[in-house]
Amino acid sequence: MNDRPLPEPASVSRRGLLRGAALLGTATAAGTALGGTLGTAPAVAGPAGFPSYRYVRDAFAGPLRYNPTGETIFPCVRGVYDKISGARGRYYLYYAPHDAPGGICLAYADRLEGPYTEHPANPIVDRVLPTTTVSHVSSPHVVWNASTREFFLYFHGENFTTRVARSRDGITFTNETPILSTRLVPNTTETSYARVFEHSVAGKNNKYVMLFMGAHTVGPGTRKIFWGWSPNGWDQWQFAPNPLISPAGDGLTDISSPHLLKRNGTSYVAYHGNDGRIRLTEVGNNFDREVHLGVFHAPIASDNGRVAAPAFGTDGGVSYMIYEAGPRLDARICIARAV
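Residues numbered from 1 in each chain as written. Predicted model: local features only at pLDDT ≥ 70, side-chain atom pairs only at ≥ 80, totals over all residues. Heavy atoms only, no water.

**Remarks on the nonpolar core**
Reasoning step 1: Of all hydrophobic cores here, the largest spans 22 residues; its most connected members are Tyr 92, Tyr 94, Ile 104, Ile 124, Val 125, Phe 155 and Phe 173.
Reasoning step 2: Mapped by element, the contributors of at least two residues to this core are β3 (91-96), β4 (105-109), β6 (138-145) and β7 (150-156).
Reasoning step 3: Leaving out residues up to four positions away in the same chain, Phe 155 has contacts with Ile 104, Val 125, Leu 129, Val 137, Ser 138, Ser 139, Pro 140, Thr 161, Thr 162, Arg 163, Ala 165 and Glu 176.
Reasoning step 4: Of all hydrophobic cores here, the second largest spans 18 residues; its members include Leu 64, Tyr 91, Ala 311 and Ile 335. (Core = buried A, V, L, I, M, F, W, Y, C linked by side-chain atoms within 4.5 Å. Buried < 20%, exposed > 50% of the residue type's maximum accessible area, 1.4 Å probe, protein only. Helix = DSSP H or I, 4+ residues; strand = E, 2+ residues; numbered from the N terminus. Contact = heavy atoms within 4.5 Å.)

Okay, here's the thing in structure tokens:
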């Protein structure tokens with residue numbers, strides 16, 4: 001992948017931020033994705049009363065068959081047992097390498113906590129697309145669209161183009177279509193790492209919102225969180241010209257990989273920064289606020305200086321976070337449990 005390295009403090013590897021990010025898609029105790037609303041917080045709480053999380057395990061118990069660049073990033077998990085027949089597990093985990101050639105990959109498990117089994121035919125989407133060939137594809141995010149009874153897969157390739165594809169079974173994706181590029185957002189040189197959520201904003205006539213990273217040519221800071229909206233999640237996307245969240249509010253230069261969360265009757269965005277920590281900012285239900293609330297999750301020793309790409313869900317009444325850990329270009333996917 002040909003994004004520039006993010007600036008980092010000396011204590012963190014030079015492969016710092018950009019690629020972090022993840023989604024997971026919140027799941028009920030039965031395993032259904034809910035798009036970011038958490039359950040009751042445990043006794044230990046972080047900003048806005050969100051749970052604190054403790055590392056449980058790596059997502060994979062052993063080496064992966066398809067791992068061309070030695071790193072895995074951007075996890076997105078969906079509960080699928082109640083959506084399709086013949087599912088390979090109750091949960092589908094989507095992820096990708098960061099660098100070229102990339103490739104959208106799949107794993108599955110019957111427990112949100114894992115461990116996850118690699119799909120034998122990975123990658124399920126490679127860089128040779130129906131209409132073009134790109135250097136890499138990465139950053140998968142999957143949404144179940146109940147209206148069409150399809151999975152929508154959002155991913156990027158190249159760094160300045162976000163695409164969507166659709167699938168009935170969550171494995172075979174077709175109809176790849178570009179939906180976001182730098183030409184649609186002024187003063188940007190990258191538009192990628194997109195996550196899409198069901199969320200209506202007053203006056204937008206929308207059902208879905210997209211949060212994504214834009215490399216912005218207007219300071220202070222460079223990589224910022226932008227947003228867009230659509231009535232159906234597939235097309236008719238519109239994008240706000242100005243950032244939703246800027247890194248200066250956290251004392252940083254770059255932030256990426258946003259995830260929408262709802263709590264306390266309002267909306268928040270969790271994202272990671274170039275210091276290797278995950279932050280939380282309240283944006284309000286109409287995306288008209290920017291209240292920086294501080295550190296949501298900080299790395300422990302086994303995270304090797306960096307945590308990113310948080311995704312949240314519950315299984316059996318227990319809350320989890322699935323995230324990316326380790327230096328950029330050397331990251332792995334981990335699972336943490338609320339404490």
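Moving on from the coordinates now.
**Some thoughts on unusual backbone geometry**
Reasoning step 1: Residues Asn 122 and Pro 123 are joined by a peptide bond in cis, for which omega reads 0°.
Reasoning step 2: Here Pro 123 lies in the loop between β5 (117-118) and β6.
Reasoning step 3: The residue after Gly 219, namely Pro 220, is reached through a cis peptide bond having omega 0°.
Reasoning step 4: Relative to the elements of secondary structure, Pro 220 occurs in the loop between β11 (208-216) and β12 (223-230).
Reasoning step 5: Backbone geometry places Gln 236, a non-glycine residue, at a positive phi of 55°.
Reasoning step 6: Positionally, Gln 236 belongs in the loop between β12 and β13 (238-239).
Reasoning step 7: Positive phi, normally seen in glycine, also occurs at Asn 264, with a value near 60°.

**Examining the side chain of Asp 303**
Reasoning step 1: Along the polypeptide, Asp 303 turns up in the loop between β17 (291-297) and β18 (307-315).
Reasoning step 2: Here Asp 303 is buried and forms no salt bridge, its nearest opposite-charge partner Arg 332 lying at an N-O distance of 4.8 Å.
Reasoning step 3: Those residues within four positions of Asp 303 in sequence are excluded, and the remaining contacts are Ala 298, Tyr 323, Ala 325, Gly 326 and Arg 332. (Lys, Arg positive; Asp, Glu negative; His and termini not counted. Salt bridge = Lys/Arg side-chain N within 4 Å of Asp/Glu carboxyl O.)

**Remarks on the pattern of salt bridges**
Reasoning step 1: Here the structure, examined in full by the defined rule, presents 12 salt bridges.
Reasoning step 2: Here Glu 190 and Arg 223 are joined by a salt bridge, their closest N and O atoms 3.3 Å apart. Of this pair, Glu 190 sits in strand β10 (residues 188-198) while Arg 223 sits in strand β12, and the two are 33 residues apart along the sequence.
Reasoning step 3: Between Arg 223 and Asp 254 there is a salt bridge; the shortest N-O distance is 3.3 Å. Here Asp 254 lies in the loop between β13 and β14 (255-263) and Arg 223 lies in strand β12, a separation of 31 residues in the sequence.

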